[in-house]
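# Summary of structural features
If you want the building blocks of each chain, they are given just below.
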Amino acid sequence: MKQHLAELLQQAVDRLKTDGVLPAGQPVEIGLERARDHRHGDFASNLALTLSKVARRKPRELAEALVAALPESDQVDRVEIAGPGFINFHLSPAAWYAVVGTVLEAGDAYGRSELGGGRPVQVEFVSANPTGPLHVGHGRGAAYGATVADLLEAVGYRVHREYYVNDAGRQMDILAVSVYLRYLDLCGEDVPFPSNGYQGDYVWDIGASLHRRRGDALRHTAAELLEGVPPDEPAGGDKEAHVDGLIARTRALLGEAHYREVFDLGLESILDNIRRDLEEFGVVYDEWFSERSLTESGAVDRAIERLKAGGHLYEKDGAWWFRSTGFGDEKDRVVVRENGQTTYFASDIAYHMNKLERGYERVIDVWGADHHGYVPRVKAALEALGDDPSKLDVLLVQFAILYRGGQKVQMSTRSGEFVTLRELRHEVGNDAARFFYVMRKCEQHMDFDLDLAKSQSADNPVYYIQYAHARVMSVMRQLEEKGMTWDAAAGAAGLPRLTEKHEQSLMVRLSRYPELVEAAALNHEPHLIAHFLRELANDFHTYYNAHQFLVEDAELRNARLNLIQATRQVIANGLGLLGVSAPERM
RNA sequence: GCCCCGGUAGCUCAGUCGGAUAGAGCAACGGCCUUCUAAGCCGUGGGUCGGGGGUUCGAAUCCCUCCCGGGGCGCCA
């Protein structure tokens, strides 16, 4: 429809060029958009305003010339000039009928497109350290990332969903030690738990599972373990040094093989938990990519060698530094520590190098906003490696702050005081959780009101939309009870009977859906879908209250049923993209 | 101090990359159920778009500056 109008305008412009009103030669961009206000018609063009300068005419005068040169079309009811020189198109009712048939015919596919042309895109999201269950902060990244991926797929990209598993590094060692200490406790050893350890109940569970499996086989005395370990913070020491000491002692006492066993048990238990949690949330991955594998495959060394060969590394204070300042970062970054260990950043360079080597045209990282300072250095590394940093899109998701009873819920993973994603899902349901998480733009701080999300009331937008879907289903059920039928073919023929204002606006809304999916996908803005669905549901509820669908007049009834079935379809499609169910009854 | 995000109705937020008289929901107030689910609908009130400059036909939107809130600035991950 929009394209049709753009063609009409183009023809008008061409005619004015021939007539010498407009300078020939340079092509003009046809500005055309949906009118914000329905009193301005359906589509509006600011063409006369943008062209007035080159034409050296007053905008309104130019608009009149353009309108006069506009070819006839049966889709256009009338054209008006308004305000400073806008050209407003009022479409004829007939222009909208087609959408009902299009929706019914396309079904689940309505709104999908081939825009992406099957080009490969990778979306990496959540990637939380496997040191504990996912909490509500991760939930936002999960819902957002999954929806962005689904949207891109809907518009024709070949999407690869990936979780980067941080299965190496100090945090994981702290987890392993935490598990081991709980295990020792179950063996009957009385070892003080480090203030820097992971204190959540799940660590007890893993310790217990280790004890069930190995009995006392891995037991060492508290005195052995604490030998030579600097004091913890409450005892006047440094908590970091204390926990590092414990890691070293645990390693030494257990030996590498047994230490690895404890470590991997912790890792696998938590990863299983995370996998299950996400799956129940409707979030699935194509790949769980191991950080450790980058070291083992030599990718980290290879990345470092490439940087070295390019002259981007230098040695200082015994460490190797990447000259990221040469690529716009604010300071240089260490990639190989004084002790010879590579940093997390080195792994990340290798990881992103690997992503691009896999041939993705676009790589999307969904990160928590607290990692924003990390973006310049990763892009710097890609540039230094000779890759194109603009292929990487980092989407920063702001924190979700949880409110319960009007009070902020404080959270800390280390202390084990947090609300898990699982708890949230059980409390408010998957549908409400998925919807609430993507209701806001990702760069917007989010106040997640638990009481609102779980309230089964009108305030809750997700129910409002689902109810519209259920209502259509209910009408269809009533059809039989009333001894009536629905003939879709007759309904299609009877569409011109749909002349009510409510019916017109519903059709206009339906026709916008594909544009919205496209915009939401390309701009990574799932909230557009959420808002659209709310408006569509509103249109439907209004229509429902104003007119009877199951009327005696068969032609009118069939046409109306076609329209509400199309509406149901679009609601189902939209909710599906958000990972929210479309219930048949409520 | 530097960097990122935000500041729009009492509250939570939209605002389609510069458009027309700035919009929803909730909350408040007033109406609508013998008719397809009232988890709904209709109506009313509510604004210095954080402040101040600038750019132009035109600014919530772009530029500069200041104020306020959140977050980040490790040889942690």
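Now for a look at the structure at hand.

Conventions adopted
Residues numbered from 1 in each chain as written. Chains lettered and ligands numbered in written order. Predicted model: local features only at pLDDT ≥ 70, side-chain atom pairs only at ≥ 80, totals over all residues. Heavy atoms only, no water. Helix = DSSP H or I, 4+ residues; strand = E, 2+ residues; numbered from the N terminus. Areas by Shrake-Rupley, 256 points an atom, 1.4 Å probe, with all protein chains shown as cover. Lys, Arg positive; Asp, Glu negative; His and termini not counted. Charge placed at Lys NZ, Arg CZ, Asp CG, Glu CD. Pairing = 2+ DSSP bridges. Buried < 20%, exposed > 50% of the residue type's maximum accessible area, 1.4 Å probe, protein only. Right-handed = clockwise from strand over helix to strand, strands pointing away. Near = heavy atom within 4 Å. Polar contact = N/O pair within 3.5 Å; in protein donor to acceptor, adjacent residues only side chain to side chain. Nonpolar A, V, L, I, M, F, W, Y, C, P; charged D, E, K, R; others polar. Expected span 1.5 Å × (residues − 1).

## What about the overall build of chain A?
A count of helices and strands for chain A gives 21 helices and 15 strands. Dimensions of chain A, computed from C-alpha atoms along their principal axes, come out at roughly 90 × 65 × 40 Å. Accessible surface for chain A amounts to roughly 26,300 Å². Of this, 47% is attributable to carbon and sulfur atoms. Of the side-chain charges in chain A, 65 are positive and 87 negative, and the distance between the mean point of each set is 3 Å.

## Concerning the sheet that holds strand 3 (residues 76-82)
Pairing is antiparallel in the open sheet, where four strands are placed in the order 1-2-4-3. Of all the strands in the sheet, just strand 1 (33-34) and strand 3 have a single pairing partner and so form its edges. Note that strand 3 and strand 4 (residues 86-91) share six bridges and pair antiparallel. By the bridge assignment, V76 is partnered in strand 4 with L91.

## Quick notes on the pairing of strand 6 (residues 158-165)
Strand 6 sits mainly inside the fold: seven of its eight residues count as buried. For the crossover from strand 5 (residues 120-124) across helix 5 (residues 136-154) to strand 6, the handedness is right-handed. Pairing of strand 6 with strand 7 (residues 287-290) involves four bridges; the strand directions are parallel. Paired with Y164 across the strands is F289, a residue of strand 7.

## Some details on the protein's contact with RNA strand B
Surveying the vicinity of RNA strand B reveals 62 residues, the closest of which are R36, Y464, Y467, S474 and Y544. Counting only atoms of RNA strand B within 4 Å of the protein, the fraction found in sugar and phosphate groups is 62%. A distance of 2.9 Å separates a base oxygen of RNA strand B from a polar atom in the backbone of E338. Here a sugar or linking oxygen of RNA strand B sits 2.9 Å away from a polar atom, N or O, in the side chain of R440. Within the residue set of the surface near RNA strand B, elements represented by two or more residues are helix 2 (47-55), strand 4, helix 6 (170-187), strand 9 (319-322), helix 17 (461-481) and helix 20 (527-546). By residue number, the principal contributor to the surface near RNA strand B is helix 17, which donates eight residues. Split by residue class, the surface near RNA strand B holds 22 nonpolar, 21 polar and 19 charged.

## Points about the sheet that holds strand 15 (residues 446-449)
The strands making up a sheet associate through backbone hydrogen bonding, with each pair oriented either parallel or antiparallel. Pairing is mixed in the open sheet, where three strands are placed in the order 14-13-15. Bordering the open sheet on either side are strand 14 (407-408) and strand 15, each of which pairs with just one other strand. Sheet topology places strand 13 (residues 400-404) next to strand 15; four bridges connect them, and they run parallel. If you follow Y403 over to strand 15, its bridge partner there is D449.

## Details of helix 20
The α-helix advances 3.6 residues per turn, and as a result positions three or four apart in sequence lie on the same side. Helix length check: helix 20, at 20 residues, gives a terminal C-alpha distance of 29 Å against a target of 28 Å (1.5 Å per residue), a fit within 8%. What helix 20 keeps buried is the set H527, I529, A530, F532, L533, L536, A537, D539, F540, H541 and Y543.

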